[in-house]
Amino acid sequence: MALTAPISPPLLQRIATTGGASGIGLETARVLALRNVHVIIAARNMEAANEAKQQILKDNNAARVDVEKLDLSSIRTVKAFADKLKALNLPLNILINNAGIMFCPFQLSEDGIETQFATNHIGHFYLTNLLIDKMKETSKATGIQGRIVNLSSILHQYPYKEGIQFHKISDKSSYQERLAYGQSKLANLLHSNELSRRLQEEGANITVNSVHPGLIMTNLMRHSGLSMRIFRAFTCFMWKNVPQGAATTCYVALHPSLKGVTGKYFVDCNEHEPSKLAQDEALARNLWDVSNNLINAALKS
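The protein carries the name Short-chain dehydrogenase TIC 32, chloroplastic isoform X2 in an unreviewed UniProt entry, which gives Nicotiana tabacum as its organism. Per its UniProt entry, the protein bears the Sequence similarities (unreviewed entry) comment "Belongs to the short-chain dehydrogenases/reductases (SDR) family."

## Some remarks on the overall build of the protein
Summing up its helical and strand segments, the protein has 8 helices and 8 strands in all. Relative to its full complement of 301 residues, the protein shows a buried share of 54%. Sequence separation of 24 or more characterises 78% of the internal contacts of the protein that already satisfy a separation of 6 or more. Counting only carbon and sulfur atoms, one obtains 51% of the accessible surface of the protein, whose full area is about 13800 Å².

## Quick word on the pattern of salt bridges
Tallied over the full model, the rule gives 13 salt bridges. In this structure, arginine 30 and glutamate 27 form a salt bridge, with 2.7 Å as the shortest nitrogen-oxygen distance. Of this pair, arginine 30 and glutamate 27 both sit in helix α1 (residues 23-34), 3 residues apart, roughly one helical turn. Overall, arginine 30 belongs to the partly exposed group, its relative accessible area being 28%. You can call glutamate 27 buried: its relative accessible area is 12%.

## Concerning the pairing of strand β6 (residues 206-212)
Burial of β6 is extensive: 7 of the 7 residues sit out of reach of the surface. Residues Ile206, Val208, Ser210 and His212 of β6 are buried on one face, and the alternating residues Thr207, Asn209 and Val211, pointing to the opposite face, are buried as well. Sheet topology note: the strand β5 (residues 146-151)/β6 ladder contains 6 bridges and is parallel. If you follow valine 149 over to β6, its bridge partner there is asparagine 209. Tracing the backbone out of β5, into helix α5 (residues 177-202) and back to the parallel element β6 gives a crossover that is right-handed. As paired elements, β6 and strand β7 (residues 265-267) share 3 bridges and run parallel to each other. Within the sheet, the bridge partner assigned to histidine 212 lies in β7 and is valine 267.

## Digging into the side chain of serine 109
By the element assignment, serine 109 lies in the loop between β4 (94-97) and α4 (115-142). A relative accessible area of 9% means that serine 109 is categorised as buried. The contacts of serine 109, once residues within four sequence positions are left out, are Ser73, Thr115 and Ala118.

Here is what the cut-offs are and how they apply
Residues numbered from 1 in each chain as written. Predicted model: local features only at pLDDT ≥ 70, side-chain atom pairs only at ≥ 80, totals over all residues. Heavy atoms only, no water. UniProt positions renumbered as here; feature names shortened; annotations may be inferred. Helix = DSSP H or I, 4+ residues; strand = E, 2+ residues; numbered from the N terminus. Buried < 20%, exposed > 50% of the residue type's maximum accessible area, 1.4 Å probe, protein only. Contact = heavy atoms within 4.5 Å. Areas by Shrake-Rupley, 256 points an atom, 1.4 Å probe, with all protein chains shown as cover. Salt bridge = Lys/Arg side-chain N within 4 Å of Asp/Glu carboxyl O. Pairing = 2+ DSSP bridges. Right-handed = clockwise from strand over helix to strand, strands pointing away.

Right, dumping it as structure tokens:
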């Protein structure tokens, strides 16, 4: 979809993006760096992250790109990353929660949380909580509205029957990899909506939105196996390349027409209605409390 207005910010902005070492995360970082944004790539694989940085600089030697270590499945590592970022005492205008894993065999994180839920939701939830005060300070000092973008998926429509299995999140016996992925992507949307509500309530100058990047064959699919490859063969006309997949994220992160737009879900650069579960305010509040409880329990252990 062609943009109807330039998305270059009027002043230098700083953005932190998770999973910026490959796939649509890398493309997002590359595009935003072209638009005078100082990009901080947070990634688990530092070798890949540094290669991504050099790739961006090769195409744009004026780009401002830094890389930092972040493993979203580890609450300890998330805190260490956030502490380091805050210690730099730099402004933070935009946070893009992009990283994710998909259709993984059952496994627990070091904190005892099922890995898809830990990586896709809990890590981003905690990271956002740790950085939100810095974003509030930045928006207040600069007058530039902060933006948080959470990458969800159309598969948020296919979680477990109850949406979030609060009492079985890390239960191996009931685990189904595709439903668990849907659960984690539903959690991304619920997190966005509840955070948006809370920020609006306190009058903070920060928007929070979710996006579905589209069907894209990246490293995210490495656990998907033969069934996904067969599915792709029959639906090839629906799939996007990496730049197309990153377009909606870049649009929601920077486009001036979205100033003040918050608590929405975007597909193909257009607002889209999510599932009924994603609009369940009670479910969102419950998820918020359960997420904090899981984090607090992990920090005490």
